[in-house]
Amino acid sequence: KIIPGAALCSQADRPFRGLSPMGNNFLNRFEGVEMDSPILNNITLVDTPGILSGQKQSIGRNYDYEQVMKWFAERADLIIIMFDAHKLDISDELKRVIEILKPHQDKMRVVLNKADAISTQQLMRVYGALMWSLGKVMMTPEVCRVYMGSFWGAPLKNKEQGPLLMQEKQDLFNDIAQLPQNAVMRRINELVKRARAVKVHAYIVHYLRKQLPYTWGKREKQRRLTDRLDREFVMCARRYELPKGDFPELEPFRQALLEIKDLSEIHKLDKKMVKEMDKVFSVDIPNLLEAAKCG
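Residues numbered from 1 in each chain as written. Predicted model: local features only at pLDDT ≥ 70, side-chain atom pairs only at ≥ 80, totals over all residues. Heavy atoms only, no water.

1. Brief notes about the environment of Leu269
Within the secondary structure, Leu269 is located in the loop between helix H10 (250-258) and helix H11 (271-294). A relative accessible area of 19% places Leu269 in the buried class. In this structure the C-alpha to C-alpha distance between Leu269 and Arg61, which are 208 residues apart in sequence, comes to 42 Å. If sequence neighbours within four positions are ignored, Leu269 has contacts with Ala202, Tyr203, His206 and Val274. (Helix = DSSP H or I, 4+ residues; strand = E, 2+ residues; numbered from the N terminus. Buried < 20%, exposed > 50% of the residue type's maximum accessible area, 1.4 Å probe, protein only. Contact = heavy atoms within 4.5 Å.)

This is the structure we're talking about:
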């Protein structure tokens, strides 16, 4: 049963209603398929459009592809990025997508597909090149798990790789099979990340607000604070003992500040609510984790 994108986003019992603001250009290309299969119980597979590379990148898309990817990444339990072993190419668009996926590294997995299309020696080189490229793009030596496989219709070309690819396939399937068991823990983990982000956001606005003069020159001072926001982040983290890793991305936050005419009009930080937030971290979250373990 095929369901068009506009209809899919209109159904209250589906998790796609948040995609409606993406516009008709996206919805015309979005569709869902329902199948009566036991393996699909309590699971939704999302196949996103392939990444553009080479000259195709100049053509572009007529909808906000990166925003769509961000929407799905925030809600997915597992993100699988697939590369073909015989044409490894990290294009500019892929780099931008990986930037979007950075906050969700714990959910990311990479599959080096069609590994049997090249020799074992070439596969080792391609695997090493992929790990190096991913580390460079993600700016960390600790990249996500990379599986090697042969997920396509053609028969296995390189027979000597059979046992290795079979084991890699089983490891990937085991990873996917554990998703329902770990669903509650992942939800709690997302809750903690969001709560920490909210706390840091509140302190940033509070800190910037306190730097403004009481009477004249507010607009000029706010502009200077926005221009040197990287420095203000460091000062805010130091003053309130906040982890720098919890701070938002610099440029999107700067752009959001530029849309605010007067920071002083924002309500003051409520210290009681901060105490309640700290109680969430020290009491409520541990209780949730304990309940999840017992359940």
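2. Points about the confidence of the model for the chain
When pLDDT is averaged across the chain, the result is 86; 97% of the residues are at 70 or more. By mean pLDDT, helix H4 (residues 92-101) is the weakest element of the chain at 83, and helix H9 (residues 229-240) is the strongest at 93. (pLDDT = per-residue confidence, 0-100.)

3. A few points about the pattern of salt bridges
Counting across every chain of the model gives 20 salt bridges. The salt bridge partner of Lys102 is Glu99, with a shortest N-O separation of 3.2 Å. Ionic pairing is found between Arg254 and Glu251, a salt bridge with its closest N-O pair at 3.1 Å. A residue pair is termed a helical-turn pair when its members lie 3 or 4 positions apart in one helix, as Arg254 and Glu251 do in helix H10 at three residues. (Salt bridge = Lys/Arg side-chain N within 4 Å of Asp/Glu carboxyl O.)

4. Section: the packing of helix H8 (residues 218-227) against H10
For any two helices packed against each other, the geometry comes down to the angle between their axes and how far apart the axes lie. Where H8 contacts H10, the two axes come as close as 10 Å, and the packing angle between them is 170°. Accordingly, the angle class assigned to the pair H8 and H10 is roughly antiparallel. Along the contact surface, H8 presents Gln222, Thr226 and Asp227, while H10 presents Arg254, Leu257 and Leu258. A breakdown of the residues in the contact of H8 with H10 according to their chemical character gives two nonpolar, two polar and two charged. (Axes fitted to C-alpha atoms, helices over the stretch in contact; angles between N-to-C directions. Parallel < 35°, antiparallel > 145°, perpendicular 65-115°, else oblique. Nonpolar A, V, L, I, M, F, W, Y, C, P; charged D, E, K, R; others polar.)

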